Amino acid sequence: MTILLGCIADDYTGATDLANTLVRQGMRTVQLFGPPPPGMIVPEAEAVVVALKSRTNPPAEAIAQSLAALEWLQGAGAEQFFFKYCSTFDSTPQGNIGPVAEALLDALKQDFTIACPAFPENGRTICYGYLFVGAQLLSESGMQDHPLTPMTDSSLVRLLAAQTRHDVGLVDHRTVAAGPDQVKAAFAALRAEGKYHAIVDALNDGDLLTIGSACADLKLITGGSGMALGLPENFRRAGKLSLDAVADQLPAVPGPAAVLSGSCSQATLAQVARMGQSRPSFQLDAIKLAAGEDQVGAALNWAIEQLPHGPPLIYASAAPEDVRAAQDRLGRAQAGELLEAAMAGIAKGLVAAGVRRLVVAGGETSGAVVQVLGVTGIRIGPQIDPGVPWTTTLGQPELALALKSGNFGAEDFFLKALDCAP
Ligand code: ADP
């Protein structure tokens, strides 16, 4: 197969968010969980996103995983490469955004790329190189308290420079507003100064289209999912992508459905409450699980009884004070892992009982479910809410999956997803 755009994403639900953007711009897109195992048949697509779990790994591991993904994408004929990370630039002075970007540049024998995490639709904008979340600077947005990647500086130039061997420059909004030719000229000027990286300002989707157009000849682009908005048009202009492409078609996957929620993000808590008003639900309890109670078996028996009457909801999601209580008793990581393993076990049991459509809330939770089900890849379909599409698995058994990162989706997300399942 020959693909146009080869993407590497540093987490699973972020990869789906990127794939969703590409599909909406008319590129048929497949998401793979790591490079495909030998012998796996990857369906025809114009874009492939290799999803990794490398965001918070030691840099050397993140680099090795990213280079393996790059090698597979090069082998599949990709013409251009995109390294996708979070729109809040989640990283530390050790990495992994800078080290991975430079390893990819080296492997591609290139000396220049851009870094643009802007995602205006979700309030992430960049002005003079400073990243905003809504009206707040990144370092005042709550991200300064992130448990793994606290963001205490908002200057992307400083943040990236701390992680890279080479110098970092800035293309500010006055240049972006002047159009693609001026942005290209700014890239050339920074390159001539020996800068390997350019942070590029973006305040709205129009800016991202301008930047995308200016990136037509770059081998490697790095950014958030918003940055992918302007890339498909370059292929269309070059006659490589049809004008009327319908990229979001999925095969029908009939069968019972269920919702699993392991996210405690505010958006998900509201979605759990909303679905609970009209559908039966079962809450897992980390402390009882830790005490050895067979919550997986109990949840499964309960859910299988519910299936003939409609989709059940099983959730670990809990209010912050309950999460804190469980974490105080069990430890933060242990509580999380215990519940992720339970959710994975329940997903496996549900599929064995004939469930074919699963809505899963939570990034880590989705990762655990995908892993236990042995899913190697998904085809991306129509969007349910911004950033979250329905997908169907490659290989057998064919399942329909909606994998939602915690903070995504409107309050009626679960019910809406079930209504429009493929
Ligand atoms: P999000 O996308 O919202 O970050 P994740 O699934 O990535 O969701 O992360 C949520 C984490 O919280 C998981 O490790 C999950 O197992 C854990 N978790 C879920 N419910 C609870 C709870 N009630 N107490 C403690 N941890 C929980």
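**Student:** I'd like a rundown of the packing of aromatic side chains, residues and numbers included.
**Tutor:** Under the definition given, this model contains six aromatic pairs. A centroid spacing of 4.9 Å and a plane angle of 65 degrees characterise the contact between Tyr12 and Phe33, whose relative ring orientation is edge-to-face. Remark: Phe33 occurs in strand E2 (residues 29–33) and Tyr12 occurs in helix H1 (residues 12–24); sequence separation between them is 21 residues. Here the aromatic rings of Tyr85 and Phe89 are separated by 5.4 Å at their centres, their planes lie at 90 degrees, and the arrangement is edge-to-face. Judged on exposure class, the residue Tyr85 and its partner Phe89 are both buried.

**Student:** Run through the domain arrangement of the chain, naming residues and quoting values.
**Tutor:** Domain boundaries assigned for the chain yield domain 1 (5–237) and domain 2 (257–419). With 20 residues of domain 1 at the contact, the number on the domain 2 side is 25 residues. With both chains or domains summed, domain 1 and domain 2 bury close to 1800 Å², and 63% of this area falls on carbon and sulfur atoms. When the buried area of domain 1 at its contact with domain 2 is split by residue, Thr13, Asn20 and Phe33 rank highest and sum to 31% of it. In this structure, Lys53 engages Glu364 in a salt bridge whose closest nitrogen and oxygen atoms are separated by 3.0 Å. Going through the elements one at a time, H1 and E2 are the ones with two or more residues in the side of domain 1 that touches domain 2. Considering each element in turn, the side of domain 1 that touches domain 2 owes the most residues, eight residues, to H1.

**Student:** Any details on the site of the ligand? Residues and values, ideally.
**Tutor:** Taken together, 17 residues form the shell around the ligand, and within it Ser263, Ser265, Glu340, Glu364 and Thr365 come nearest. A distance of 2.6 Å separates an oxygen atom of the ligand from a polar side-chain atom of Ser265. Glu364 places a polar main-chain atom, nitrogen or oxygen, 2.7 Å from an oxygen atom of the ligand. Here the ligand, which alone exposes 570 Å², has 81% of that area covered by the protein. Those elements giving two or more residues to the shell around the ligand turn out to be helix H12 (320–330), helix H13 (332–352) and helix H14 (363–372). Class assignment for the residues of the shell around the ligand results in six nonpolar, nine polar and two charged.

Here is what the cut-offs are and how they apply
- Residues numbered from 1 in each chain as written.
- Predicted model: local features only at pLDDT ≥ 70, side-chain atom pairs only at ≥ 80, totals over all residues.
- Heavy atoms only, no water.
- Phe/Tyr/Trp six-rings, centres within 6.5 Å; stacked < 30°, edge-to-face > 60°.
- Helix = DSSP H or I, 4+ residues; strand = E, 2+ residues; numbered from the N terminus.
- Buried < 20%, exposed > 50% of the residue type's maximum accessible area, 1.4 Å probe, protein only.
- Domains from an automatic or database assignment.
- Contact = heavy atoms within 4.5 Å.
- Buried area = accessible area lost by both parts, 1.4 Å probe.
- Salt bridge = Lys/Arg side-chain N within 4 Å of Asp/Glu carboxyl O.
- Near = heavy atom within 4 Å.
- Polar contact = N/O pair within 3.5 Å; in protein donor to acceptor, adjacent residues only side chain to side chain.
- Areas by Shrake-Rupley, 256 points an atom, 1.4 Å probe, with all protein chains shown as cover.
- Nonpolar A, V, L, I, M, F, W, Y, C, P; charged D, E, K, R; others polar.

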